[in-house]
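Descriptive analysis of the structure
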Amino acid sequence: MLRMLLQWFLNAVALLIVAHLVSGFVVSDLKSALIAVIVIGLFNATVGLLLKVITLPLGILTFGIFFLVINAVILKFASVFVPGFKVETFGAAFWGALALAVLHMLFGFLTPKRRDA
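Residues numbered from 1 in each chain as written. Predicted model: local features only at pLDDT ≥ 70, side-chain atom pairs only at ≥ 80, totals over all residues. Heavy atoms only, no water.

Describing the nonpolar core
The following threshold applies: To qualify as a nonpolar core, a set must consist of buried Ala, Val, Leu, Ile, Met, Phe, Trp, Tyr and Cys residues joined through side-chain atoms within 4.5 Å. Think of it in three bands: with a 1.4 Å probe and only protein chains considered, a residue is buried below 20% of the maximum accessible area for its type, exposed above 50%, and partly exposed in between. Segments assigned H or I by DSSP are reported as helices when at least four residues long, segments assigned E as strands when at least two residues long, and all are numbered from the N terminus. Only heavy atoms matter for contacts: two residues are in contact if any of them lie within 4.5 Å across the pair.
In terms of nonpolar packing, the biggest core is built from 33 residues, with L15, V18, F25, V27, I40, L75 and F85 touching the most fellow members. Looking at this core, the elements that each hand over two or more residues are α1 (2-21), β1 (25-27), α2 (30-54), α4 (66-81), β2 (85-87) and α5 (90-110). No other element matches the eight residues that α5 contributes to this core. In this view, F85 contacts L15, F25, V26, V27, A36, I40, L75, A78 and S79; residues no more than four positions away in its chain are not counted.

What follows is the structure in structure tokens.
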């Protein structure tokens, strides 16, 4: 449970960092970032999963780069529903998705690994 809360908080921090790095990607405060992470996660688990399964051949052909496009669409779509979170252009969504992927990878090294007993 604690690991999941830490992951949620780190994802919100990643959104705030991306908002400072990518122009057109706006997160007003930590509360908006925390809500946005939940909405993005829900969209990724439903619509994002469906889109990734449908476009799997295209994803394989582009060595996974097309999945960044799907992640950008999810970010743009989530920004419609979360007050205080705004992605102005598709370019900002794409670069934001790329930056988030890199930050999630880096934060993956910081979070404690789950030990199986």
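Some details on α1
Owing to its 3.6 residues per turn, the α-helix brings residues three or four apart onto one side. Rules: Helix span, as expected, comes to 1.5 Å for every residue beyond the first.
Relative to the 28 Å expected for 20 residues at 1.5 Å per residue, α1 spans 29 Å between its end C-alpha atoms, a close match to the ideal helical length. If you check which residues of α1 are buried, you get L10, N11, A12, A14, L15, V18 and A19.

Section: unusual backbone geometry
The backbone of F63 sits at a positive phi, close to 60 degrees, despite the residue not being glycine. One can find F63 in the loop between α3 (56-61) and α4. Judged by relative accessible area, F63 falls into the exposed class, the value being 80%.

Considerations on the packing of aromatic side chains
In plain terms, the rule: Pairing of aromatic side chains requires ring centres within 6.5 Å, counting the rings of Phe and Tyr and the six-membered ring of Trp. Pairs whose planes differ by under 30 degrees are stacked, by over 60 edge-to-face, and all others tilted.
A full pass over the atoms with the stated rule returns five aromatic pairs. Centroid distance F77 to F81: 5.1 Å. Interplanar angle 80 degrees. Geometry classified as edge-to-face. Here F81 and F77 lie together in helix α4, a separation of four residues that amounts to about one turn. Residue classification places F77 among the partly exposed positions, given a relative accessible area of 38%. By way of ring pairs, the aromatic residues F43, F77 and F81 are connected into one cluster.

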